[in-house]
There are 2 protein chains.
Amino acid sequence: MSYTIKKVSEMTGLSVPTLRYYDREGLLPDLQRKESGYRVFSEQDLYAIELIECFKQAGMKIKEMKQFMSMVKQGDSTLKERLAFFQNHVKQLEEKVSSLQNALEHSKRTLEYYEIAAEAGSEALAHEIYQSLVK
Amino acid sequence: MSYTIKKVSEMTGLSVPTLRYYDREGLLPDLQRKESGYRVFSEQDLYAIELIECFKQAGMKIKEMKQFMSMVKQGDSTLKERLAFFQNHVKQLEEKVSSLQNALEHSKRTLEYYEIAAEAGSEALAHEIYQSLVK
DNA sequence: TATAACCCTAAAGTAATCTTTAGAGTCAAC
DNA sequence: GTTGACTCTAAAGATTACTTTAGGGTTATA
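Draft legend 1. Examining the interface of chain B and chain A more closely. Of the residues lining the interface, 36 residues belong to chain B; the matching set on chain A comes to 36 residues. Note on chain B versus chain A: buried area summed over both sides is about 3,400 Å², and carbon and sulfur give 70% of it. On the chain B side of the contact with chain A, Leu79, Leu100 and Tyr114 of chain B bury the most area, a combined 18% of that side's loss. Run the count over chain B and chain A and you get four salt bridges. Taking the shortest distance from any N to any O, the salt bridge between Lys108 of chain A and Glu94 of chain B comes out at 3.7 Å. The tally of links from chain B across to chain A stands at twelve residue pairs in polar contact (both at pLDDT 80 or more). When contributions to the side of chain B that touches chain A are tallied by element, the ones reaching two or more residues are α3 (43-57), α4 (62-74) and α5 (79-120) of chain B.

Take a look at the structure:
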């Protein structure tokens, strides 16, 4: 199955110019073209886009993704490098998840504080209530 | 206890220009100055910086943070608004954590794949192995 | 075969978050 | 009271990830 850039845009939620931009940046290692120059997206390209989104969420820069995609292009000879890259990526992601969970816990406590404060109508009062809860 | 901008920079890991930038953007609602114009950071300001970092991790824009900080400045009258703001913030964070966890799961599976592929020295072979594991 | 809806490129523009630079004042310690 | 390390501002610059624009070809369909 193959898709036009517009279809892929609709399927992925990425804009057409963004898809072109990713292609230009070398993030779609095997993207084919028609004779006219039109891009022809395959399932493989959709998978690459999924990976890009995954990398993006982890906070990875386009340049790093490009580096990875260029290794993909080079084939089996880069498998060990790609393994190392992914090990690092997973590590980064794990750290990010855990620091985000911390931020969430912190935010939840602050939310509780604001629930009390909004109810009391006063921060000063909320502080007192908080103190008494702890003591 | 009060701190110079350099000390705060060392304590928080944020650069001195970044701290000045945050101040300029209105993210430090109660930052005091000496007569000379030098910034004087208090524990409260450190707490604000902690909050900024927390917001930043959630992907919040400076402008939104500024909006929140300006509510803080206005005092008790904005408590309900701030509560609503925080409810939304926690929701955003929860969504972010869960989508990041998905990305992590996806990445871990891909990592396993690369472990097999790197070991086998061939992606084609790894695909076969994968197939046989599933069937 | 006309036409509307698509596709292309190159280049400029935008928004966000900082960083750097230049020029000048402040402060603490010897 | 001098000096070296610090502080300030304003403005320009850098980087990243796109988006927009301009000008022009392609394709499906009525």
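Draft legend 2. View of the protein's contact with DNA strand D. Surveying the vicinity of DNA strand D reveals 20 residues, the closest of which are Ser15, Thr18 and Tyr38 of chain A together with Arg20 and Arg39 of chain B. A share of 78% of the atoms of DNA strand D within 4 Å of the protein falls on sugar and phosphate groups. Tyr22 of chain A is positioned such that a nitrogen or oxygen atom in its side chain is 2.9 Å from a phosphate oxygen of DNA strand D. For the surface near DNA strand D, the secondary structure elements donating two or more residues are α2 (16-24) of chain A together with α1 (5-12) of chain B. Element by element, the count of residues in the surface near DNA strand D is highest for α2 of chain A, at five residues. When grouped by side-chain class, the residues that make up the surface near DNA strand D number seven nonpolar, five polar and eight charged.

Draft legend 3. Structural detail: α3 of chain B. Its 15 residues place the ends of α3 of chain B 21 Å apart at the C-alpha level, agreeing with the 21 Å of an ideal helix rising 1.5 Å per residue. Within α3 of chain B, burial applies to Asp45, Leu46, Ala48, Ile49, Leu51, Ile52, Cys54 and Phe55 of chain B. In the core, the buried residues of α3 of chain B are packed alongside α5 (79-120) of chain A together with α1, α2 (16-24), β2 (39-40), α4 and α5 of chain B. Once α3 of chain B finishes, Gly59 of chain B follows within two positions and takes phi at roughly 90 degrees, a positive value.

What counts, and where the lines are drawn
Residues numbered from 1 in each chain as written. Chains lettered and ligands numbered in written order. Predicted model: local features only at pLDDT ≥ 70, side-chain atom pairs only at ≥ 80, totals over all residues. Heavy atoms only, no water. Contact = heavy atoms within 4.5 Å. Buried area = accessible area lost by both parts, 1.4 Å probe. Salt bridge = Lys/Arg side-chain N within 4 Å of Asp/Glu carboxyl O. Polar contact = N/O pair within 3.5 Å; in protein donor to acceptor, adjacent residues only side chain to side chain. Helix = DSSP H or I, 4+ residues; strand = E, 2+ residues; numbered from the N terminus. Near = heavy atom within 4 Å. Nonpolar A, V, L, I, M, F, W, Y, C, P; charged D, E, K, R; others polar. Expected span 1.5 Å × (residues − 1). Buried < 20%, exposed > 50% of the residue type's maximum accessible area, 1.4 Å probe, protein only.

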